[in-house]
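Architecture at a glance
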Amino acid sequence: MTTHPIDLHPDRLFPADPAIRDLARALYATVRDLPIVSPHGHTDPQWYADDAPFPDPAQLLITPDHYVFRMLYSQGIAMADLGIPRRDGGPVERDSRKIWRLFASHYHLFRGTPTRIWLDHAFQTVFGIEERLSADSADRYFDRINSALATPAFRPRALFERFNIEVIATTESPIDPLAHHRRIRESGWKGRVVTAYRPDPVVDPEFEGFRDNVEKFGGLTGENTSTWAGYLAAHRNRRAYFKSMGATSTDHGHPTALTADLSASQCQRLLDEALAGTMDAADAEIFRAQMLTEMAKMSVEDGLVMQIHPGSFRNHNAQLFRDYGRDKGADIPTATDYVHALRPLLARLGNERNLTVILFTLDETSYSRELAPLAGHYPILKLGPPWWFQDSTEGMLRFREQTTETAGFYNTVGFNDDTRAFLSIPARHDVARRIDCRFLATLVREHRLAEDEAFELAPELAYRLAKRAYKL
């Protein structure tokens, strides 16, 4: 039996040029151990509320992580064989060791991907495993991880503290009662877990269950959500509640970045159509567009930072969506316009001094053409870090290379991991810190940045910009 070590080289992701590499290494040493600020993500607040042991390696690392199972699915491995729950409750594989073996025997599929970097980092630094995952090592891995998960040191709160997480934001729907956040707060634990207001289920007429969601929304707030005024009042009510539970931001996952600025009568007509179920796709897009502007107006009032995550064709695989539901690895990037789409919102609010709108993209072609020029001008706009498919070593470099000359560093907001995979958080932040130090070192060695300025910028990019931008 041949085993191979996990290769977490101390100079990984740094340039091959020794002069640049030495400076990148020195810069990284100043930020490597800074606390993690995770201002946007999708970890489950119940983990921190219950502080119960994670169940087993498969349920921790495979079944909840669409980065993992989308690659396996692309190679013909059935979702049911990975234990992914079906919408109809139908049979799926329940043997976690069998699921793990299947994953391990296909681990080679992740070569060269960010997922491989994140997983190897977790295997070695969290669990102390030195050999590479393979079919041969699958059972040793499973037993090692399973034994660790049964100990107090590997419960969610202990790992939160071990990872040096200063604050983490989860993301909840307006109709979520935030019971887990309340329990965290009442537990006396010092870990800081905050929520973020994600109104998609009640602002997107094409979201499944929209009408029922809006009715529940009205019941939670005591507002008549069939009227435009009552519907907006319900949002203000829930935003205030989220803010009382620690929220500093909102998040909006719309198909496009389109915004609108319509009259109240036009808005009431659209709401009527949405609730009646008679709205066509074009009007659904206009309704979402109007709601981005309404959310921005409310952010001027209540101070919540606004994040816009457009450009994903959600649930592209109709059969998979039918059988397994949302967030199953079938969301695909689309071309996204920002210049024209954001103009109605910017015409109304673009010069406000107490509003922050953080723009993300899955369309890298918009970096230098649209996003950097917009953020380099409008006071309200900042650029979120490379997101989702661009959350990679090359994606991070492309982002810095294409946005810095126009938007600078201070119109960006540092890094956020945007993850459901708890154990990947330290790895993702480590990758971002290494790549930013690499970029800064390159600027210095090309005489485009002074060395002392690079040492000032490194902690800004790794820690301080996120704290300031997200008011954390």
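Up top is the structure.
The structure displayed is predicted, hence computed values, not measured ones.

**Topic: the overall build of the protein chain**
A count of helical and extended segments in the protein chain gives 20 helices and nine strands. Radius of gyration (C-alpha) of the protein chain: 23 Å, near the 23 Å computed for a compact globule of 472 residues. Dimensions along the principal axes, computed over C-alpha positions, put the protein chain at roughly 70 × 60 × 45 Å. The buried share among the 472 residues of the protein chain stands at 57%. Considering only intrachain contacts with a sequence separation of at least 6, the fraction spanning at least 24 residues in the protein chain is 77%. Split by element, the accessible area of the protein chain, about 19,200 Å² in all, is 50% carbon and sulfur. A gap of 3 Å separates the mean positions of the 56 positive and 64 negative side-chain charges of the protein chain.

**Concerning helix α1 (residues 18-31)**
Counted at 1.5 Å a residue, the expected span for α1 with its 14 residues is 20 Å, and the 20 Å between its end C-alpha atoms agrees. Among all positions in α1, only Ile20, Leu23, Ala24, Leu27, Tyr28 and Val31 are buried. The buried residues of α1 occupy one face: seen down the axis, they fall within an arc of 140 degrees. Turning to α1, the residues buried within the fold contact α19 (425-445) and α20 (451-469). N-cap assignment for α1: the residue whose side-chain oxygen lies 2.9 Å from the backbone N of Ala19 is Asp17.

**Some remarks on the side chain of His66**
Topologically, His66 is positioned in helix α4 (residues 66-74). In this view, His66 contacts Asp327, Lys328, Gly329, Trp388 and Arg420; residues no more than four positions away in its chain are not counted.

**Here we look at the sheet that holds strand β1 (residues 36-38)**
Here three strands make up an open sheet; going across it, the order is β1-β2-β3 and the pairing parallel. Only two strands of the sheet have a single partner each, and these edge strands are β1 and β3 (193-194). As defined by bridge partners, β1 adjoins strand β2 (residues 165-169) across three bridges and the pair is classed as parallel. Within β2, the residue paired with Ser38 across the bridge is Ile168. Helix-sheet contacts for α19 involve β1 and β2, and the interaxial angle to β1 is about 105 degrees.

**Considerations on the sheet that holds strand β5 (residues 305-308)**
Read from one edge to the other, the open sheet built from four strands follows the order β4-β5-β8-β9, with strand pairing classed as parallel. Edge strands, defined here as strands with exactly one partner in the open sheet, are β4 (249-252) and β9 (381-383). Adjacent strand axes in the sheet meet at a mean angle of 25 degrees, parallel and antiparallel pairs treated alike. For strand β8 (residues 357-359) and β9, the ladder comprises three bridges, and the chain directions are parallel.

**Focus on the packing of aromatic side chains**
For the coordinates displayed, the defined rule picks out 30 aromatic pairs. On the numbers, 5.4 Å between centres and 80 degrees between planes, the contact of Tyr367 with Phe399 is edge-to-face. One end of the pair, Tyr367, is in helix α17 (residues 366-375); the other, Phe399, is in helix α18 (residues 393-407), with 32 residues separating them in the sequence. Both residues of the pair, Tyr367 and Phe399, count as buried. Arranged with centres 5.5 Å apart and planes meeting at 55 degrees, the rings of Trp387 and Trp388 form a pair that is tilted.

Rules of the game
- Residues numbered from 1 in each chain as written.
- Predicted model: local features only at pLDDT ≥ 70, side-chain atom pairs only at ≥ 80, totals over all residues.
- Heavy atoms only, no water.
- Helix = DSSP H or I, 4+ residues; strand = E, 2+ residues; numbered from the N terminus.
- Rg over C-alpha atoms; globule rule 2.2 N^0.38 Å.
- Buried < 20%, exposed > 50% of the residue type's maximum accessible area, 1.4 Å probe, protein only.
- Contact = heavy atoms within 4.5 Å.
- Areas by Shrake-Rupley, 256 points an atom, 1.4 Å probe, with all protein chains shown as cover.
- Lys, Arg positive; Asp, Glu negative; His and termini not counted.
- Charge placed at Lys NZ, Arg CZ, Asp CG, Glu CD.
- Expected span 1.5 Å × (residues − 1).
- Arc of directions from axis to C-beta.
- Polar contact = N/O pair within 3.5 Å; in protein donor to acceptor, adjacent residues only side chain to side chain.
- Pairing = 2+ DSSP bridges.
- Axes fitted to C-alpha atoms, helices over the stretch in contact; angles between N-to-C directions.
- Phe/Tyr/Trp six-rings, centres within 6.5 Å; stacked < 30°, edge-to-face > 60°.

By themselves, these are just geometric observations and shouldn't be taken as functional.
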